[in-house]
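# Survey of secondary and tertiary structure
Below, each chain spelled out in residue letters.
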Amino acid sequence: MGANLTTRDGSRFRTWRLAIFAVALALAVGGMRSGASWGASAYDPASDGYSMQNVTVGDGVQAWWNAGYTGKGVDVAVIDTGVAPVAGLNSPGKVLNGPDLSLESQNTNLRYLDTNGHGTFMAGLIAGNDGQPGGYRGVAPDSRIVSLKVSVADGGVDVSQVIAAIDWVVQHRNDKGLNIRVLNLSYGTNSTQPYNVDPLAYAVEQAWKAGIVVVAAAGNSGYQKGANSQPLADPADDPQILAIGGADTMGTATPWDDTVASYSANSGSCSSSCRAPDLIAPGTHMQGLRVPGSYIDQNNPDGILGDRYFRGSGTSEATAFASGAIADLLQRYPQLTPDQVKAMLSSACDKLSSFNWKQQGCGELDMSRLLTASVPSVFASLQYNAPSTGVGPLEASRGSDHISLGGVVLQGEQDIFGQPFNSVAMAALEAAGSSWSGGMWNGSSWSGSSWSGSSWSGSSWSGSNWGGSSWSGSSWSGSSWSGNSWSGSSWSGNSWSGSSWSGSSWSGSSWSGGSWLGASWGRK
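Every value quoted in this text rests on a predicted model; they were computed, and no experiment measured them.

Along the backbone of the chain there are 14 helices and 24 strands. Taking all 524 residues of the chain together, 63% fall into the buried category. For the chain, restricting intrachain contacts to residue pairs at least 6 apart in sequence, the fraction spanning at least 24 positions comes to 77%. Approximately 16,500 Å² of the chain is accessible, and the part contributed by carbon and sulfur atoms is 49%.

Below is the structure:
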């Protein structure tokens, strides 16, 4: 049983493989300015200008660490493909699992785990920490990850799953022991409707109102501009939240040669009314944590950096970098509202020459400048954007990204269970903070209702029917993956139905897929 991403092309469907705003995890080695190449066991971060060790020096992140700000006490929710317990993310309490809302959740061998590799890469950029001098460290190495898995191995995810995950984060942000202040969305669709009626945009606005800084990938060129004529992906096209574009540091510690990355979505020749990224952050040739045997690992061998790391480029990576920076900022100033955070980041940018505001927003994030930035008042930071009503159709939020089951495409106003999705009613529930009731969302049981150790218990919809007129007669039990096992260091599964990543939504040249925003795994 497979979950494919598809795009409608007239009467045909063109199958993709992963809609993940990190289209870019893998082919970067070939395009590196330094020309260096590392084999399976000879990677040296110190000599790689794009390693986290060197990028965090050049951007001023390590100045924050030296001042005692490492994201400690701040939880970052990562809605993605899950997180694998690899070194750097496997210390006790480092990663907490919210409910697994993916189509793999009913297989106990796969629940919570990252069979794709994208989510682990993002989590590492945000909060990775080897716990030793010279080891791998994300931007906020002492922050904690709250992982909500929504995607299967090939990246298949429906927008209804993402909305459900956002709602869960909002309603559980202050559960006992939790302090979710940042939501990382290295994801986006080419929605066909404006943000001010879009259900996905409405969901992230509720998170923002609840005090959670939502950080979304701007998207990658050639994909995002849909029928709504906006150049950024959804939900990054909502001006209330933070939209992050990608920068290329050129492998040096100085900002003078930095550029806006070629993959980074921007408003370019669009009118002044088009949404531009708020800022750009390092996102090119990034060194991330590798999940050996994962889908991207198997399909992008040129991205491998030694035994532990992987190379990736895209606005996914830039978004994760920015999320880590915000965790550091919130450790220092825990009283900040999301509007204040946005204002502070916007005041600490380096404008890059030869690029305009449509391409870079305020410019490239400069953590050294942010360290000395003044805290603006709550009043001075207030935004006055027209809010989303969330009453538009769910199908329009999907844009051209769809999953399919047995050749039947999930489309129209229904969620993954085939339950009718009433956007007006859902918006009312989200505004009241009651769209989740125990493990129920939109009339179906999606997860368990209580914490079990470090994870949210969730096996309650095992064997549930995928009802509705399109998916009726099918039930999900993870049968196509049963018998495969996950050992933490290898993934023994085969591929889901479909065999290529070719498409046009993951705008990059190697992962042209749909909603998970990277631009290339290794090459760009």
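The next subject is the packing of helix α4 (residues 159-172) against helix α5 (residues 199-209). Following both chains from N to C, one finds α4 and α5 inclined at 15 degrees, their axes separated by 9 Å at the closest point. Of the possible angle classes, the one that applies to α4 and α5 is roughly parallel. Pair α4 / α5 crosses with left-handed handedness. Across the interface between the two elements, V159, V162, I163, I166, D167 and V170 from α4 touch P199, L200, A203, V204, Q206 and A207 from α5.

With that out of the way, let us pick up the sheet that holds strand β18 (residues 436-437). Within the open sheet, the three strands sit side by side as β18-β19-β20. Their pairing is antiparallel. Lying at the two open borders of the sheet, with one neighbouring strand each, are β18 and β20 (444-445). Taken together, the two bridges between strand β19 (residues 440-441) and β20 define a ladder with antiparallel strand orientation. Opposite M440, over in β20, you have S445 as the bridge partner.

Per-residue confidence for the chain gives a mean pLDDT of 81; residues scoring 70 or more make up 76%. When the criterion is pLDDT under 50, residues 1-40 qualifies, and its contacts beyond four places in sequence or with other chains add up to 226 contacts.

Looking now at the sheet that holds strand β13 (residues 309-312). One open sheet accounts for three strands, arranged β11-β13-β12; its pairing is antiparallel. Each end of this open sheet is capped by a strand with a single partner; those strands are β11 (286-289) and β12 (304-305). In this sheet, β13 lies alongside β11 in antiparallel orientation, the contact comprising four bridges. Bridge pairing links G288 to F310 in β13.

Here the idea is simple: oppositely charged side chains can pair when their charged atoms come close. Tallying each qualifying case throughout the model produces ten salt bridges. With its nearest N and O atoms 2.6 Å apart, the salt bridge here joins K149 to E104. Pair noted here: K149 is in strand β5 (residues 144-149) and E104 is in the loop between β4 (95-97) and α3 (118-127), with a separation of 45 residues, a long-range link. Grouping residues by exposure puts K149 and E104 together as buried.

A few words now on the state of the cysteines. Linking two cysteines covalently through their sulfur atoms gives a disulfide. Following the criterion strictly, the structure yields one disulfide and no others. The partner cysteine of C349 in its disulfide is C362, sulfur to sulfur 2.0 Å. Here C349, found in strand β14 (residues 349-350), pairs with C362, found in the loop between α9 (357-360) and β15 (364-365); they are 13 residues apart in sequence, far enough to count as distant. In this pair, the class of C349 matches that of C362, namely buried.

For an α-helix the count is 3.6 residues per turn, leaving residues at separations of three or four pointing the same way. Here α4 contains 14 residues, and its C-alpha end-to-end distance of 20 Å stays within 8% of the 20 Å for a straight helix at 1.5 Å per residue. Summarising burial for α4: 13 of the 14 residues are buried, a large majority.

Nonpolar side chains collect at one region of the surface, where V378, F379, L382 and Y384 lie side by side and expose about 480 Å² of accessible area between them. By secondary structure assignment, the location of Y384 is in the loop between α11 (378-381) and α12 (394-398).

With that settled, consider the environment of Y309. Take Y309: it is sitting in strand β13. Relative accessible area serves as the criterion here: at 11%, Y309 is assigned to the buried category. Taking C-alpha positions, Y309 is 8.6 Å from Y43, a pair spaced 266 residues apart along the chain. Residues in contact with Y309, not counting those within four places in the same chain, are Y43, D130, Y136, Q287, G288, L289, R290, G303 and I304. Within the structure, Y309 has its side chain in polar contact with the side chain of R308 (distance 3.1 Å).

Attention now moves to the pairing of β5. Most of β5 sits inside the fold, with five of its six residues counted as buried. Looking at chain direction, strand β3 (residues 75-80) and β5 are connected through six bridges and run parallel. In the strand pairing of β5, V76 is matched with I145. Taken together, the three bridges between β4 and β5 define a ladder with parallel strand orientation. Following the sheet pairing, V95 is matched in β5 by I145. This β-α-β element, β4 to α3 to β5, shows left-handed connectivity.

Time to look at the packing of aromatic side chains. One pass over the structure, following the stated rule, counts six aromatic pairs. Here Y43 and Y309 contribute two aromatic rings whose centre-to-centre distance is 5.8 Å and whose plane-to-plane angle is 65 degrees, an arrangement assigned as edge-to-face. With Y43 in the loop between β2 (12-16) and α1 (52-58) and Y309 in strand β13, this residue pair connects regions lying 266 residues apart in the sequence. Measuring from ring centre to ring centre gives 5.2 Å for W441 and W446, while their planes differ by 80 degrees; the resulting arrangement is edge-to-face. Pair check on accessibility: W441 and W446 agree, each one buried. Clustering of aromatic rings is evident, with ring pairs tying together F417, F421, W441 and W446.

Quick notes on the rules
Residues numbered from 1 in each chain as written. Predicted model: local features only at pLDDT ≥ 70, side-chain atom pairs only at ≥ 80, totals over all residues. Heavy atoms only, no water. Helix = DSSP H or I, 4+ residues; strand = E, 2+ residues; numbered from the N terminus. Buried < 20%, exposed > 50% of the residue type's maximum accessible area, 1.4 Å probe, protein only. Contact = heavy atoms within 4.5 Å. Areas by Shrake-Rupley, 256 points an atom, 1.4 Å probe, with all protein chains shown as cover. Axes fitted to C-alpha atoms, helices over the stretch in contact; angles between N-to-C directions. Parallel < 35°, antiparallel > 145°, perpendicular 65-115°, else oblique. Left-handed = near helix turned anticlockwise from the far one by under 90°. Pairing = 2+ DSSP bridges. pLDDT = per-residue confidence, 0-100. Salt bridge = Lys/Arg side-chain N within 4 Å of Asp/Glu carboxyl O. Disulfide = S-S within 2.5 Å. Expected span 1.5 Å × (residues − 1). Patch = residues over 30% accessible without salt bridge, like charges linked within 9 Å, V, L, I, M, F, W, Y side chains within 5 Å. Polar contact = N/O pair within 3.5 Å; in protein donor to acceptor, adjacent residues only side chain to side chain. Right-handed = clockwise from strand over helix to strand, strands pointing away. Phe/Tyr/Trp six-rings, centres within 6.5 Å; stacked < 30°, edge-to-face > 60°.

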